[in-house]
Number of protein chains: 2
Amino acid sequence: MSQQLRRSMPLLPISIVMQLTELTARQIRYYEDHDLIHPARTEGNRRMFSLIDVDTLLEIKDFLEQGINMAGIKKLFEMKNQPIVQEPKAQLTDAELRSILRIEMQQAGRFQKASLRQGDLSRFYH
Amino acid sequence: MSQQLRRSMPLLPISIVMQLTELTARQIRYYEDHDLIHPARTEGNRRMFSLIDVDTLLEIKDFLEQGINMAGIKKLFEMKNQPIVQEPKAQLTDAELRSILRIEMQQAGRFQKASLRQGDLSRFYH
DNA sequence: TTTTCATGTTAGATAATATGACATACACTT
DNA sequence: AAGTGTATGTCATATTATCTAACATGAAAA
């Protein structure tokens, strides 16, 4: 079984991550610019992604499809990593909360969630 | 948990495989030339390896360190994939068997198997 | 000694990726 | 209606990573 292959190990080049997530390189880099992911870099400055990064990207994609913007997603991630605190409502400011809720409301009547997570990678190789 | 991430999925570039296996690109390509592995190729002809390929490479490395040559390793792999047959001794010709056994014998008094499989990848990123 | 085997090394070509700039569609705001 | 902001597309240019092919080499086998 070779190594331990931790999910945090940077193993994947951006091309593979594009296939796994069905995101463009532009999108992936944009999310990095906004500090939503922090892929490792090779000595030659190439991004190298871990499986955790891939999961995060899929979450981002999902949130975006729900109409949440970069700022909202970032805050959501911060919250997720914040363990339960004695003042749970202190996590979001009122303004932040209203902002997110408003977007959620306005985007409520949405469907076609047929986003299929099964992208067939085989077609990329011969 | 994102995708299924089958162990047979071609996800890794050769640079990563080099790190995971501590083999040189030259060695990896050489083993491919000898049909011990069959990595996928991108449209641009770059090799792309699966986790199974990595496992196979680690096996090859191990066999080589035991003094077994390409032909022997190839035959061993063929055997492993050959399900149990009614004539188990029909798998190897006498000559092949003697050849392998001889090598095993002559290489018998060997030690320093301290090959640590835990290669610290962190040093490759910043 | 001469081969064979596994690997090193180098050269030249090309693919993959990086960054940065400009363009654009859409939703919101004023 | 006009203006803004956000997420993404597209293009140009630079650099890294990988490819193939050829020649070199040390150790072991014949």
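In the block above lies the structure referred to throughout.
Computed from a predicted model, the values in this text were never measured in an experiment. (Residues numbered from 1 in each chain as written. Chains lettered and ligands numbered in written order. Predicted model: local features only at pLDDT ≥ 70, side-chain atom pairs only at ≥ 80, totals over all residues. Heavy atoms only, no water.)

S.K.: Can you walk me through the layout of surface pockets in this structure?
M.R.: Rolled over the atoms, a probe as big as a water molecule pinpoints where empty space is left. Residues and elements named next belong to chain A. As a volume, the largest pocket reaches approximately 240 Å³. Among the elements of the structure, α3 (51-65) and α4 (70-81) are those that each provide at least two residues to the lining of the largest pocket. Ranked by residue count, the leading element in the lining of the largest pocket is α4, at 5 residues. Of the residues that constitute the lining of the largest pocket, the class distribution is 4 nonpolar, 3 polar and 6 charged. (1 Å grid on protein atoms, 1.4 Å probe; cavity = no way out; pocket = protein on both sides within 12 Å on 5 of 7 lines; lining within 4 Å. Points joined across faces, edges and corners; volume = space filled by probe spheres on them. Helix = DSSP H or I, 4+ residues; strand = E, 2+ residues; numbered from the N terminus. Nonpolar A, V, L, I, M, F, W, Y, C, P; charged D, E, K, R; others polar.)

S.K.: Help me understand helix α1 (residues 14-21) of chain B, please; the structure alone is not making it clear to me.
M.R.: Structural remark: α-helix, 3.6 residues per turn; residues separated by three or four positions point the same way. The buried fraction of α1 of chain B is high, at 6 of 8 residues. Buried within α1 of chain B are the following residues: Ile14, Ile16, Val17, Gln19, Leu20 and Thr21 of chain B. Residues of α1 of chain B that are buried sit in contact with β2 (47-48) of chain A together with α2 (25-33), β2 (47-48) and α3 (51-65) of chain B. Once α1 of chain B ends, the next one or two residues include Glu22 of chain B, with phi positive near 55 degrees. (Buried < 20%, exposed > 50% of the residue type's maximum accessible area, 1.4 Å probe, protein only. Contact = heavy atoms within 4.5 Å.)

S.K.: So what exactly am I meant to see when it comes to the environment of Gln27 of chain B here?
M.R.: All names here are of chain B. With respect to the secondary-structure elements, Gln27 resides in helix α2. On a C-alpha basis, the gap between Gln27 and Lys61 in space is 9.6 Å, while along the polypeptide they are 34 residues apart. A distance of 2.8 Å separates a polar side-chain atom of Gln27 from the backbone nitrogen of Thr24. (Polar contact = N/O pair within 3.5 Å; in protein donor to acceptor, adjacent residues only side chain to side chain.)

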